[in-house]
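# Summary of structural features
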Amino acid sequence: MPNKVSMIVAVDRNGNIGYAGDSKLPWHIPEDLKFFKEKTVGHPIIMGYNTFKSLPGILPNRHHFVVSSKRPEFVNPRMVAGISVFHSLESAIDIAKMCGTEVFVIGGATLYNYALDKKLVNKIYLTSVYTELTGDNLVGINMNLIKREFHHKSEHTLEIISTSGFPLKIKTFYRNS
């Protein structure tokens, strides 16, 4: 089976994923966190430095690939095992593909948009959170590009109201042939 490069992301109604300079998720949705875990466990995950910093620690059973222009010394010594640092998304993907059949790009906005622009991903797990983030420093992903270059199948859609009160829809998108 060929390696898949997938993106897993949650967005508001306008495609925003959070706030610039704030690496924390703008919402706490247990169902989406469970979905993220179910999809990514056992697979390599690729993220930018700020996304890496936002993690509570190493996510179990996933090798972490961090794309950063910073030197590798930024890695906390308690977290060294299971982390590889790269200066480009392409090199991280090349090595991550050796570790699993599906590789996940997990954020942030810069990596998501770069992966979309360069056509590096062929599958997207997209959680649409039916709320609107507000503020001047929002960051998001290019939803127009997703609509233009990807499609979804209705049988791969899950609609729920989360226990935290957010209505959401989880869709799987596939790159058009």
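Predicted model, so just to flag it, every value in this text is computed and none were measured. (Residues numbered from 1 in each chain as written. Predicted model: local features only at pLDDT ≥ 70, side-chain atom pairs only at ≥ 80, totals over all residues. Heavy atoms only, no water.)

## Brief notes about the sheet that holds strand 1 (residues 4-11)
Worth spelling out the cut-off: Should DSSP find at least two bridges between two strands, the strands are regarded as paired. Working definition: helices are DSSP H or I runs of at least four residues, strands are E runs of at least two. Numbering for both runs from the N terminus. In this description, a line fitted to the C-alpha atoms serves as the axis of each element, helices being fitted only across the stretch in contact, and the angle between N-to-C directions of two axes falls anywhere from 0 to 180 degrees. Throughout, a contact is declared for two residues whenever any of their heavy atoms are within 4.5 Å.
Read from one edge of the open sheet, eight strands run 5-4-3-6-1-7-10-9, paired in mixed fashion. The open sheet has two free edges, formed respectively by strand 5 (83-86) and strand 9 (150-161), since each of these has just one partner strand. Adjacent strand axes in the sheet meet at a mean angle of 20° when their direction is disregarded. On the sheet, helix 3 (residues 89-96) packs against strand 1, strand 3 (45-48), strand 4 (64-67), strand 5 and strand 6 (102-105) and is oriented at approximately 165° with respect to strand 4. With respect to the sheet, helix 4 (residues 109-117) is in contact with strand 1, strand 3, strand 4, strand 6, strand 7 (123-129), strand 9 and strand 10 (167-175), its orientation differing from that of strand 1 by roughly 135°.

## Some words on the packing of aromatic side chains
Note the following rule: Put simply, two rings from Phe, Tyr or Trp (the six-membered ring, in Trp's case) pair if the centres are within 6.5 Å, and we call them stacked under 30 degrees between planes, edge-to-face over 60, tilted for the rest. Classification of residues uses two cut-offs on accessible area relative to the type maximum, computed with a 1.4 Å probe and protein chains only: under 20% is buried, over 50% is exposed, and between them is partly exposed. In this scheme, the term charge over a ring applies when either NZ of a lysine or CZ of an arginine sits within 6 Å of the ring centre and within 35 degrees of the ring normal.
Taken as a whole and judged by the stated rule, the model has three aromatic pairs. Considering the side-chain rings of phenylalanine 65 and phenylalanine 86, the 5.7 Å spacing of their centres and the 25° angle between planes classify their relative orientation as stacked. With phenylalanine 65 in strand 4 and phenylalanine 86 in strand 5, the pair connects residues that are 21 residues apart, well separated along the chain. Note on phenylalanine 86: relative accessible area 15%, which makes it buried. Linked through ring pairs, Phe35, Phe104 and Tyr125 together constitute an aromatic cluster. Directly above the aromatic system of tyrosine 174 lies the positively charged group of lysine 153, at a separation of 5.0 Å from the ring centroid.

## Section: the nonpolar core
Basically, it comes down to this: Note on terminology: a nonpolar core comprises buried Ala, Val, Leu, Ile, Met, Phe, Trp, Tyr and Cys residues joined through side-chain atoms within 4.5 Å.
Ranked by size, the top nonpolar core spans 29 residues in total, and within it Met7, Val9, Ile46, Ile124, Leu126, Ile141 and Ile146 carry the most contacts. Of all the secondary structure elements, the ones that give two or more residues to this core are strand 1, strand 4, helix 3, strand 6, helix 4, strand 7 and helix 5 (143-149). Top contributing element to this core by residue count: helix 4, with five residues. Those residues in contact with leucine 126, other than ones at most four positions away along the chain, are Val9, Val11, Ile141, Met143, Ile146, Lys169, Ile170, Lys171 and Phe173. In terms of nonpolar packing, the next biggest core, distinct from the first, is built from 20 residues, Met47, Leu55, Ile83 and Leu133 among them.

## Here's the deal with unusual backbone geometry
Cis geometry is found at the peptide bond from glycine 107 to glycine 108, where omega equals 0°. One can find glycine 108 in the loop between strand 6 and helix 4. One non-glycine residue, asparagine 61, lies in positive phi territory at about 60°. Positive phi, normally seen in glycine, also occurs at lysine 119, with a value near 60°. Examined against the element boundaries, lysine 119 turns out to sit in the loop between helix 4 and strand 7.

## Here's the deal with helix 4
Restricting attention to buried positions, one finds in helix 4 the residues Ala109, Leu111, Tyr112, Asn113, Ala115 and Leu116. Count one or two residues on from helix 4 and you reach lysine 119, which has phi positive near 60°.

## Let's talk about the pairing of strand 4
Applicable threshold: We call a crossover right-handed when, viewed with both strands directed away from the observer, the connection leading from the first strand over the helix to the second proceeds clockwise.
Residues His64 and Val66 line one face of strand 4 and the alternating positions Phe65 and Val67 line the opposite face, and both faces are buried. Following the backbone out of strand 3, through helix 2 (residues 49-54) and into the adjacent parallel strand 4, one traces a crossover that is right-handed.

## Details of the side chain of histidine 43
Inclusion rule: Between N or O atoms, a polar contact is any pair within 3.5 Å; within protein, one atom must be a potential hydrogen donor and the other a potential acceptor, and residues adjacent in sequence are included only when both atoms are from side chains.
For histidine 43, the position within the fold is in the loop between helix 1 (30-40) and strand 3. Here glutamate 102 takes part through its backbone oxygen, which lies 3.1 Å from a polar atom of the side chain of histidine 43. Among all residues touching histidine 43, those that are not within four sequence positions of it are Asn61, Arg62, His63, Thr101, Glu102 and Phe104.

## A few points about the pattern of salt bridges
Condition: For salt bridges, the criterion is a side-chain nitrogen of Lys or Arg within 4 Å of an Asp or Glu carboxyl oxygen.
For the structure shown, the criterion picks out four salt bridges. Between glutamate 38 and lysine 34 there is a salt bridge whose closest N-O contact spans 3.7 Å. A residue pair is termed a helical-turn pair when its members lie 3 or 4 positions apart in one helix, as glutamate 38 and lysine 34 do in helix 1 at four residues. We classify glutamate 38 as exposed; its relative accessible area is 51%. For lysine 34, a relative accessible area of 54% translates into the label exposed. With a closest N to O distance of 4.0 Å, glutamate 159 and lysine 169 form a salt bridge. In this pair, glutamate 159 sits in strand 9 while lysine 169 sits in strand 10, placing the two residues ten residues apart along the sequence. A cluster of three or more residues bridged by salt bridges with shared partners is formed by Lys119, Glu149 and Arg175.

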